[in-house]
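Take a look at the letters that make up each chain.
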Amino acid sequence: MQIFDKKFNKNNISIKTILFLIKKYKTPFWLYCAENIKNKILQLKKFDTIRFAQKSCSNINILKIMRYEGVKVDAISLGEIERALTAGYNPKKNNDIVFTSDIFDKQTLKRIIDLNITVNIGSIDMIHQLGSISKGHNIWLRINPGFGHGHNKRTNTGGETSKHGIWYTDLKKSIYLIKKYNLNLIGIHMHIGSGVDYYHLQKVCNSMLNNVLKPYMPKIDIISAGGGLSIPYKERDIKVNTDHYFKLWNNTRNIINNFFKKNIKLEIEPGRFLVAESGILICQVCAIKNIKKKRFVIVDAGFNDLIRPVMYGSYHYISAISSKGKDMSNDLKINTIVAGPLCESGDIFTQLDNGEISYFMLPIVNLGDYLIFHDTGAYGASMSSNYNSRPLIPEILIENNIPKIIRRRQKIQELINLELF
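Our subject in this report is the structure included herewith.

Definitions and cut-offs
- Residues numbered from 1 in each chain as written.
- Predicted model: local features only at pLDDT ≥ 70, side-chain atom pairs only at ≥ 80, totals over all residues.
- Heavy atoms only, no water.
- Helix = DSSP H or I, 4+ residues; strand = E, 2+ residues; numbered from the N terminus.
- Rg over C-alpha atoms; globule rule 2.2 N^0.38 Å.
- Buried < 20%, exposed > 50% of the residue type's maximum accessible area, 1.4 Å probe, protein only.
- Contact = heavy atoms within 4.5 Å.
- Lys, Arg positive; Asp, Glu negative; His and termini not counted.
- Charge placed at Lys NZ, Arg CZ, Asp CG, Glu CD.
- Pairing = 2+ DSSP bridges.
- Salt bridge = Lys/Arg side-chain N within 4 Å of Asp/Glu carboxyl O.

On to the overall build of the chain, then. Regarding its fold elements, the chain presents 12 helices and 18 strands. Computed over its C-alpha atoms, the radius of gyration of the chain comes to 23 Å, within 12% of the 22 Å expected for a compact globule of 421 residues. Principal-axis analysis of the C-alpha atoms gives the chain an extent of 70 × 55 × 40 Å. Within the chain, buried positions represent 57% of all 421 residues. Partitioning the intrachain contacts of the chain with sequence separation of at least 6 by distance along the chain shows that 71% fall at a separation of at least 24. Side-chain charges of the chain comprise 58 positive and 36 negative groups, with the mean position of each set lying 2 Å from the other.

Attention now goes to the pairing of strand E11 (residues 279-291). Sheet topology note: the strand E1 (residues 29-33)/E11 ladder contains 4 bridges and is antiparallel. Of the residues in E11, the one forming a bridge with Phe29 is Ile282. Relative to strand E16 (residues 370-374), E11 is paired through 5 bridges, and the arrangement is antiparallel. Bridged to Gln284 within E16 is Tyr370. With 6 bridges connecting them, E11 and strand E12 (residues 294-299) associate as antiparallel partners. Bridge pairing in E12 links Asn290 to Arg295.

Let us now look at the side chain of Ser224. You can see Ser224 is positioned in strand E9 (residues 222-224). You can call Ser224 buried: its relative accessible area is 1%.

Now for helix H2 (residues 34-42). In an α-helix there are 3.6 residues to a turn, and that puts residues three or four apart on one side. Ala34, Asn36, Ile37, Lys38, Lys40 and Ile41 are the residues of H2 that are buried. Buried residues belonging to H2 abut E1, strand E2 (49-53), helix H3 (60-68), helix H10 (272-275) and strand E17 (395-399).

Moving on, we come to the pattern of salt bridges. In the structure shown here, the tally under the stated rule is 15 salt bridges. Here Asp375 and Lys10 are joined by a salt bridge, their closest N and O atoms 3.2 Å apart. Within this pair, whereas Asp375 is found in the loop between E16 and E17, its partner Lys10 is found in the segment before helix H1 (15-25), the two being separated by 365 residues in sequence. On the basis of relative accessible area, Lys10 is assigned to the partly exposed category, the value being 30%. The partner of Asp221 in a salt bridge is Lys262, with the nearest N and O atoms 2.5 Å apart. One end of the pair, Asp221, is in the loop between helix H8 (198-212) and E9; the other, Lys262, is in the loop between helix H9 (242-260) and strand E10 (265-268), with 41 residues separating them in the sequence. In this structure Asp221 comes out as partly exposed when scored by relative accessible area, which is 33%. When its relative accessible area of 25% is taken as the criterion, Lys262 is described as partly exposed. Connected via shared salt-bridge partners are Lys10, Lys40, Glu277 and Asp375.

Structure representation (structure tokens):
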């Protein structure tokens, strides 16, 4: 079996399979490997609960894999609640679903109360809104510890510039209101952003202790380490040490156990870590332009499909397969700007986080050849849009070596029908 780009193919997908899927479904499309997801879940089994941040990849069929593997789910909208329910999650079954947000809208709040879904509360206003109509409701508090960290300033979820969580100095007031409304506080959640830096991680652990070990704190049942575990987008990126990650948080949990004289469950909430490396985006070269000394390769996928490079300056490794099925990874490579088809100057996949155009060392591809963006399983399809009136592209899952479509290509008429009355 010929494997394309052996150096970076994390899912051992053969060229034969790729070409078969291209012929059947046409480009562009997303492709996921179920075994990769299952292997990542195994790496976190030391935690009492793994809760998938479904915003990273919300396809119902991916959620079904998570549920089958014993992973619980986090929802941040009514749509994500309904996706979890459709995937078979049961909100009455030991906190299968937790709703995390900084606000309620009326429709979502009603559904949460009807289903008795545990809420991870991110603002004092939410305490008032829930407590006034649902006494005894199970809640967590998401605390902003006063500092944050992230691979990009837009992925920083802690500190004074972040909208997320209850500011740590408002914790005592929050506990007072929780008791006033007779809400049932079962957990404390703390998450400062994406990307693993063990110095910052230790700071979060220390902050968890500083905030939880208070005389006014009720005896909680759970602490949540949040998510943000990184993955190696570049070959030389360091992989997260999940054993060390667990050890830091387990030490924190044990101190809290001693404080409350009870066993506290330790929960982790990964998104990217579980699904990013399982996914690739396959597209076709449609045009090549040489502008002065710059070589532009334009493909049929745009930032409406994969927005991370435009939004964050994120890097994705790119492989190439010729139209005849030849792996081009060992071919001579040259500086190339890879762009999409959108009527937007920013539709460039090779750019830095300040918007400056960058290059990728790509083989000398021709019209009709195929490019493959790696590690797109997280925040790829789930952040897609219909910009330029482009339909959403298919998602395909390979499980037990059998590919199956898990989202069909959207039709243009379906977009138009939304506006016809």
